Amino acid sequence: MLTVRGLRVRYGRSTAALHGIDLDVSADGVLAVLGSNGAGKSTLLRAVSGTLRMHRGSIDAGEIRYDGHPLGRLDPARIVRLGVVGVPEGRQIFARMTVEENLRAGGIGARTAAERAAARKRVDELFPVLTERARQRAGLLSGGEQQMLAIGRALMSAPRLLLLDEPSLGLAPKVVAQIGRTVREIHDQGTAVVLVEQNAVMALGVADHAVVLEVGRVALAGTAAELAASQDVQRLYLGGH
Ligand code: ATP
């Protein structure tokens, strides 16, 4: 579904942030992207979603293909309409707008009114709390609810591939577990997911496959079970010895 080959990215004149990344996301999978601060996880998602330029970044070499379409030169709205939708780090919800207005703002990728209605129903079922709070200002939601809103807003574009950038950031363990279950449910409903996480326990519990990025390179790749069993991953990311 998504293939990334030899992807090199840099910001301005600084040294490359990604040094030639290869990865594949299958249509029926969750791919976890692990790695410590600055490893290049967000950069990878920005490259796929077409938002690198907003951060003064650019693709130096390599290619990103989604269902045969080269994404590298497309603008973000076009990529959303192809079915690839991202939830950026830090959620970026519109705090002064109501929950409902946030959700409506996310519907730009839906192709028809029927698709939009189906997406709204899906969000309703996944996150009943958002429907209960539809008229409240989004800034009044808890951190976990804001993350749900950010995911719900992305789902309003009826994605076939959802890109999540650290959805667990700053959330309590119980809420993180809930987000993890939701990611799996979204996958079971037929949406592929790339899950960028520093929380390796949650991510490997949810994912089918995983890669570990280290300073802009893929250091390890395999099934989630293989990586969970890897001594390097245990030592560095799972708190083992
Ligand atoms: P984090 O979890 O901290 O977001 P990350 O793995 O997502 O880490 P990136 O944010 O992709 O890492 O950063 C990769 C490298 O690119 C780092 O060296 C970082 O300093 C650099 N970088 C990221 N964004 C920019 C930017 N807008 N301008 C310049 N350099 C950047």
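In the block above lies the structure referred to throughout.
In this report, we go over the structure that sits alongside the text. (Residues numbered from 1 in each chain as written. Predicted model: local features only at pLDDT ≥ 70, side-chain atom pairs only at ≥ 80, totals over all residues. Heavy atoms only, no water.)

Right, let's get into unusual backbone geometry. Notably, Arg56 is not glycine yet its phi reads approximately 60 degrees, a positive angle. You can call Arg56 exposed: its relative accessible area is 71%. At Ala158, a position not held by glycine, the phi torsion is positive, near 50 degrees. Among the secondary structure elements, Ala158 is positioned in the loop between helix H6 (143–155) and strand E7 (161–165). What makes Ala158 buried here is its relative accessible area of 17%. (Buried < 20%, exposed > 50% of the residue type's maximum accessible area, 1.4 Å probe, protein only. Helix = DSSP H or I, 4+ residues; strand = E, 2+ residues; numbered from the N terminus.)

For H6, with 13 residues, the first-to-last C-alpha span of 18 Å sits near the 18 Å given by 1.5 Å per residue. The buried fraction of H6 is high, at 12 of 13 residues. Within the sequence span of H6, burial applies to Gly144, Glu145, Gln146, Gln147, Met148, Leu149, Ala150, Ile151, Gly152, Arg153, Ala154 and Leu155. Where H6 is buried, its residues touch strand E6 (84–87), helix H3 (99–105), helix H4 (113–126), helix H5 (128–132), E7 and helix H7 (173–188). (Expected span 1.5 Å × (residues − 1). Contact = heavy atoms within 4.5 Å.)

Here we take up the site of the ligand. Around the ligand, the surrounding shell holds 15 residues, and the nearest of these are Gly38, Gly40, Lys41, Ser42 and Thr43. Backbone polar atom of Gly40 to an oxygen atom of the ligand: 2.9 Å apart, as the coordinates give it. One of the backbone nitrogen or oxygen atoms of His55 is found 3.2 Å away from a nitrogen atom of the ligand. Burial of the ligand by the protein chains amounts to 64% of its free accessible area of 630 Å². (Near = heavy atom within 4 Å. Polar contact = N/O pair within 3.5 Å; in protein donor to acceptor, adjacent residues only side chain to side chain. Areas by Shrake-Rupley, 256 points an atom, 1.4 Å probe, with all protein chains shown as cover.)

A few words now on the layout of surface pockets. In this structure, the largest pocket occupies an estimated 710 Å³ of space. Around the largest pocket, the lining comprises 28 residues; the ones closest to its centre are Thr51, Gly86, Val87, Pro88 and Arg153. Of all the elements in the fold, those that place two or more residues in the lining of the largest pocket are helix H1 (41–49), helix H2 (76–81), E6, H6 and E7. Here the lining of the largest pocket is built from residues that sort into 16 nonpolar, eight polar and four charged. By volume, the second largest pocket amounts to about 190 Å³. The element that contributes the greatest number of residues to the lining of the second largest pocket is strand E4 (residues 57–66), accounting for six residues. (1 Å grid on protein atoms, 1.4 Å probe; cavity = no way out; pocket = protein on both sides within 12 Å on 5 of 7 lines; lining within 4 Å. Points joined across faces, edges and corners; volume = space filled by probe spheres on them. Nonpolar A, V, L, I, M, F, W, Y, C, P; charged D, E, K, R; others polar.)

Quick look at the side chain of Asp165 now. In this structure, Asp165 sits in strand E7. The side chain of Asp165 is buried and forms no salt bridge, while Arg46, the nearest opposite charge, is found at 5.9 Å. A polar contact is formed between the side chain of Asp165 and the side chain of Ser42, at a distance of 2.8 Å. With residues near it in sequence (within four places) discarded, Asp165 still touches Ser42, Leu45, Val87, Pro88, Glu89 and Val196. (Lys, Arg positive; Asp, Glu negative; His and termini not counted. Salt bridge = Lys/Arg side-chain N within 4 Å of Asp/Glu carboxyl O.)

Positionally, Thr51 belongs in the loop between H1 and E4. Taking relative accessible area as the criterion, Thr51 reaches 17% and is therefore assigned buried. Excluding residues that lie within four positions of it along the chain, Thr51 makes contacts with Arg46 and Pro76.

Moving on to empty space enclosed by the protein. Inspection of every chain in the model, using the stated rule, returns one cavity of 30 Å³ or more. Its boundaries defined by the atoms lining it, the largest cavity holds a volume of some 40 Å³. If you trace the largest cavity, you find it lined by Leu2, Val4, Leu23, Val25, Leu44, Leu45, Val48, Leu163 and Val194. Per element, the largest residue contribution to the lining of the largest cavity is three residues, and it comes from H1.

Note that Glu115 resides in helix H4. In sequence terms Glu115 and Ala158 are 43 residues apart; their C-alpha atoms lie 7.1 Å from each other. Apart from the residues lying within four places of it in its own chain, the contact partners of Glu115 are Gly109, Ala110 and Ala158.

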